[in-house]
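Listed here are the chains, written in short residue letters.
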Amino acid sequence: MIRPDTISTRPEAAFVLLLMQSVCWLIAGIAAAPFALGGELFMAGLAVATLLLALCTCLAGIGIVWRRRRARRIAIALEVVCPAGAAIGLLLPIGANSGPVSLLVNVALPIAVIVLLRKDRREAFS
Amino acid sequence: MFSINPGHAVGLLAGLIAVPAALVVLRRNRAWRAAPGTHQAAAVLMLVTAAVHLALIGHHLHEHPLTSALFLANGVLFIVLALSTGWRYWRLASSTMLVATIAGYVIYVVAGLEGPDQVGLATKLVELTALGLVLVPVRGERRPSFRRTRWVALGVALPALFVSMSASLWIVDLVRPDARHVHAGAVLQATNALPTQAQWDAANQLYRETKAAIAPFTDWRAAWAAGYRPGGSQTMPSTHWMNQRYVDAGYVMDPRHPQGLVYANSKHGPVLLGAMFQMKRIGEFGPDPGGPATAWHQHENICFTPLGFEFSLLTPTATCPLGAISISAPPMLHVWIVDNPGGPFAIDIDPKVVKAIDQA
């Protein structure tokens, strides 16, 4: 047990969410690969870019556990883009998936990370 | 996988209601108030999953009483665990329970006892997150036991569980689609089971008229002159050529104005395979004179990238590759003028046909 009024566990919680998001990107990257093998050349590039994003997200999460200020900034920037992109997809009449899983992964999770990484007087990022 | 089983909707509602209710209940619990923030959050998520399982008992009670009993046990145990965050073995018991619940769901889906749907997937995501929050070591723990093991579990076992769960559910969904999901991402128009003679006659008439109308486009230059343009990569075996003017005009199954033409990308140049009618809006299926013989289909939950106009599939976690967005295409109907084993109105052209054309 810890004394919750003295030490914040927000960075660890944010790490867990970033790890979850990183695995989501990992699955998306792996899933795009067969289409590249089927002749979709650009999909190969997107698969690699997605896997790199998964790695970057995971590293940002590790940096946050280590209380690195830069990792916090990168994670917040990443998480601001995610719901913004999801909102555009949901607002345009393109039939984007708007099921509970999509809302959880693309909207709720990034917002939760941003909330967890907001300025906290108990938390010292270096 | 991307729809909600109507019988499971109550579970989704219960899960949503459980979030504020859990916060109200847990705030009164002394052990929860003294627990680290990660454990507090895990307890809230466990109450959410408990609510989902308890709400689904009624749906399964008559046909699968064992499932209902498991849901009851699951719900009660998660409530007990959420209320006992101060217990010495709480972390071990919670992680065991969460892993068992996730594994149980995957076994149920793989065994065909349950179909993967949005409520099930969302609940598993909540449980995986709760598992991560239970395992993650935090600073200043009074009982910092097995920290290294927990980091390994978090960094290796949790992602492995997540990936294997997603892969299993996805494979099951692709291998055992329901009657209206003919192939990955395509939903078939609801029709009668077998075509009547009148429907066969109407289908044949549509085929004859379309074949005659698109005959001039055997020469791709004529199609180009008429406003058709390749709508995707020409490195693929075949490409849809779309006429934006006809798409915007909203012609409905007009053989003289098909919205698309399909060409095989052979070594001799584009070879006409057939036409494609497309409706203007998502979810609006077109007229169906041939009944099941001319059923329209709609591609849902596909990932589209403007880079090369390429497609892939949305993952079970509703994620697209970077640079691609989730879209659904309006309903479409193909008319194949070459011999296609699946028939002249099949959703897809047989790859062997395209290969044979290329080698001819």
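Residues numbered from 1 in each chain as written. Chains lettered and ligands numbered in written order. Predicted model: local features only at pLDDT ≥ 70, side-chain atom pairs only at ≥ 80, totals over all residues.

A.B. asks: I tried to follow the overall build of chain B on my own but got confused; where do I start?
C.D. replies: Of regular secondary structure, chain B possesses twelve helices and eleven strands. The C-alpha radius of gyration computed for chain B amounts to 26 Å, which surpasses the reference 21 Å derived for 360 residues by more than 25%, pointing to a less compact arrangement than a globule. C-alpha extents for chain B along the principal axes are approximately 80 × 45 × 35 Å. By the burial criterion, 43% of the 360 residues in chain B qualify as buried. Across chain B, every contact between residues at least 6 apart in sequence was considered, and the portion connecting residues at least 24 apart equals 65%. (Helix = DSSP H or I, 4+ residues; strand = E, 2+ residues; numbered from the N terminus. Rg over C-alpha atoms; globule rule 2.2 N^0.38 Å. Buried ≥ 20, exposed ≤ 12 C-beta atoms within 10 Å, placed from the backbone. Contact = placed C-beta atoms within 7 Å.)

A.B. asks: Please explain the overall build of chain A as it appears in this structure.
C.D. replies: On a plain count of helices and strands, chain A comes out with four helices and zero strands. Across chain A, every contact between residues at least 6 apart in sequence was considered, and the portion connecting residues at least 24 apart equals 71%.

A.B. asks: For this particular structure, what's the right way to read the environment of Leu47 of chain B?
C.D. replies: All names here are of chain B. Within the element layout of this structure, Leu47 appears in helix H3 (residues 37–55). Between the C-alpha atoms of Leu47 and Leu26, which are 21 residues apart in sequence, the distance is 9.5 Å. Discounting residues that sit within four places of it in the chain, Leu47 has contacts with Ala18, Ala22, Phe78, Ile79 and Ala82.

A.B. asks: I would appreciate a short explanation of the interface of chain B and chain A in the present structure.
C.D. replies: A common measure of how large an interface is: the accessible area buried when the components associate. The partner chain A presents 46 residues to the 54 residues of chain B that form the contact. Elements with a contribution of two residues or more to the side of chain B that touches chain A: H3, helix H7 (118–135), helix H8 (147–175), strand E9 (310–313) and strand E10 (325–327) of chain B. Tallied by class, the residues present in the side of chain B that touches chain A amount to 29 nonpolar, 19 polar and six charged. (Nonpolar A, V, L, I, M, F, W, Y, C, P; charged D, E, K, R; others polar.)

A.B. asks: Explanation requested: H7 of chain B in the structure shown.
C.D. replies: Structural remark: α-helix, 3.6 residues per turn; residues separated by three or four positions point the same way. Under the 1.5 Å per step criterion, the end-to-end length of H7 of chain B is 26 Å for 18 residues, consistent within 8% with the ideal 26 Å. Burial within H7 of chain B is extensive, with 17 of its 18 residues counted as buried. (Expected span 1.5 Å × (residues − 1).)

A.B. asks: Could you clarify how one ought to interpret the packing of H7 of chain B against H8 of chain B in this entry?
C.D. replies: Geometrically, a packed helix pair is captured by the angle between its two axes and the distance between the axes. Residue and element names in this part refer to chain B. The N-to-C vectors of H7 and H8 enclose an angle of 170 degrees; their axes lie 10 Å apart at closest approach. As judged from the angle between their axes, H7 and H8 are roughly antiparallel. For the pair formed by H7 and H8, the contact residues are Leu121, Lys124, Leu128, Leu131, Gly132 and Leu135 on the first element and Arg150, Ala153, Leu154, Leu158, Phe162, Met165 and Leu169 on the second. (Axes fitted to C-alpha atoms, helices over the stretch in contact; angles between N-to-C directions. Parallel < 35°, antiparallel > 145°, perpendicular 65-115°, else oblique.)

A.B. asks: Where do I start with the environment of Thr38 of chain B in this structure?
C.D. replies: Locating Thr38 of chain B in the fold gives a position in helix H3. When the 24 C-beta atoms within 10 Å are taken as the criterion, Thr38 of chain B is described as buried. Setting aside its immediate chain neighbours within four residues, Thr38 of chain B contacts Thr9, Glu12 and Ala13 of chain A together with Leu133, Val136 and Val138 of chain B.

A.B. asks: What exactly am I supposed to notice about helix H4 (residues 100–116) of chain A here?
C.D. replies: The largest bend in H4 of chain A amounts to roughly 35 degrees and is located at Ala108 of chain A, with the proline Pro110 of chain A lying one to four residues further along. If you check which residues of H4 of chain A are buried, you get Pro100, Val101, Ser102, Leu104, Val105, Asn106, Leu109, Pro110, Val113 and Leu116 of chain A. Buried residues along H4 of chain A sit in contact with helix H1 (10–37) and helix H3 (69–91) of chain A together with helix H1 (9–27) and H7 of chain B. (Bend = angle between axes of the 7 residues up to and from the residue.)

A.B. asks: Got a minute to help me understand unusual backbone geometry in this structure?
C.D. replies: In most cases, non-glycine residues show a negative phi, while peptide bonds are predominantly trans. A positive phi angle, close to 60 degrees, is found at Arg67 of chain A, a residue other than glycine. For Arg67 of chain A, the position within the fold is in the loop between helix H2 (41–65) and H3. Phi at Ala318 of chain B is positive, roughly 55 degrees, even though this residue is not glycine. Positionally, Ala318 of chain B belongs in the loop between E9 and E10. Of the residues examined, Ala318 of chain B has 28 C-beta atoms within 10 Å and is grouped as buried.

A.B. asks: Teacher, can you tell me more about the domain arrangement of chain B here?
C.D. replies: Looking at the assigned domains, one finds that chain B contains domain 1 (6–176) and domain 2 (186–359). Each of domain 1 of chain B and domain 2 of chain B has a C-alpha centre, and the two are 43 Å apart. (Domains from an automatic or database assignment.)

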